[in-house]
Amino acid sequence: MTMEQLIEQSKLAREFAYVPYSKFKVGAALLGEDGKVYQGCNIENAGYSMTNCAERTAFFKAVSEGNMKFKALAVVADTPGPCSPCGACRQVMSEFCAPDMPVYLTNMNGDVQQTTVAELIPGAFTTEDMKNARK
Ligand SMILES: O=c1ccn([C@H]2C[C@H](O)[C@@H](CO)O2)c(=O)[nH]1
Ligand SMILES: [Zn+2]
């Protein structure tokens, strides 16, 4: 699976976005170490805060099917520049991905910004932070 193929998968996922409120469609494609691809779209709700982002949809699909090892993530929206993931999604990335895992931030014009999980969430709160804390 090439970067271009993963980005293509994120565009296919974006088509399923349920966005009656924002009209802002986002797609994600998460590549498992075993080569499986998990597509995700954003899913909104009349109770706005219940909205799930495309990235987290992809992660939660994968984890709920027993897959927690990932190689790459692509994100796409119809933005002028590469689409930037929200803080909640960055935190979820840090839970399941190696700090150096590549993330491709893209848009519908074909712009691609290659970054990493560590660059997206430097100093993330992790399980390590809970070790040796006073109880
Ligand atoms: O990286 C992002 C940023 C935003 N959204 C969604 C959430 C909501 O449906 C809409 C506007 O915030 O975009 C995502 O899916 N991923
Ligand atoms: Zn998000």
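Residues numbered from 1 in each chain as written. Chains lettered and ligands numbered in written order. Predicted model: local features only at pLDDT ≥ 70, side-chain atom pairs only at ≥ 80, totals over all residues.

The chain appears in an unreviewed UniProt entry as Cytidine deaminase from Solibacillus palustris. UniProt, in its Sequence similarities (unreviewed entry) section for the chain, records the words "Belongs to the cytidine and deoxycytidylate deaminase family." (UniProt positions renumbered as here; feature names shortened; annotations may be inferred.)

(A) Main features of the UniProt feature "domain: CMP/dCMP-type deaminase" (unreviewed entry) in the chain. In the UniProt entry, the feature "domain: CMP/dCMP-type deaminase" (unreviewed entry) is given for residues 1-128. Within residues 1-128, the helical portion is 29% and the strand portion 24%, while the C-alpha atoms at the span's ends are 32 Å from each other. (Helix = DSSP H or I, 4+ residues; strand = E, 2+ residues; numbered from the N terminus.)

(B) Focus on the packing of helix 2 (residues 54-64) against helix 3 (residues 87-96). As a packed pair, helix 2 and helix 3 sit with axes 9 Å apart at the nearest point and diverge in direction by 30°. In terms of axis orientation, helix 2 runs roughly parallel to helix 3. The interaxial crossing formed by helix 2 with helix 3 has left-handed handedness. Counted together, Glu55, Arg56, Phe59 and Val63 of helix 2 and Ala88, Cys89, Val92 and Phe96 of helix 3 form the full contact between these two elements. Counted by class, the contact of helix 2 with helix 3 contains six nonpolar, no polar and two charged residues. (Axes fitted to C-alpha atoms, helices over the stretch in contact; angles between N-to-C directions. Parallel < 35°, antiparallel > 145°, perpendicular 65-115°, else oblique. Left-handed = near helix turned anticlockwise from the far one by under 90°. Contact = placed C-beta atoms within 7 Å. Nonpolar A, V, L, I, M, F, W, Y, C, P; charged D, E, K, R; others polar.)

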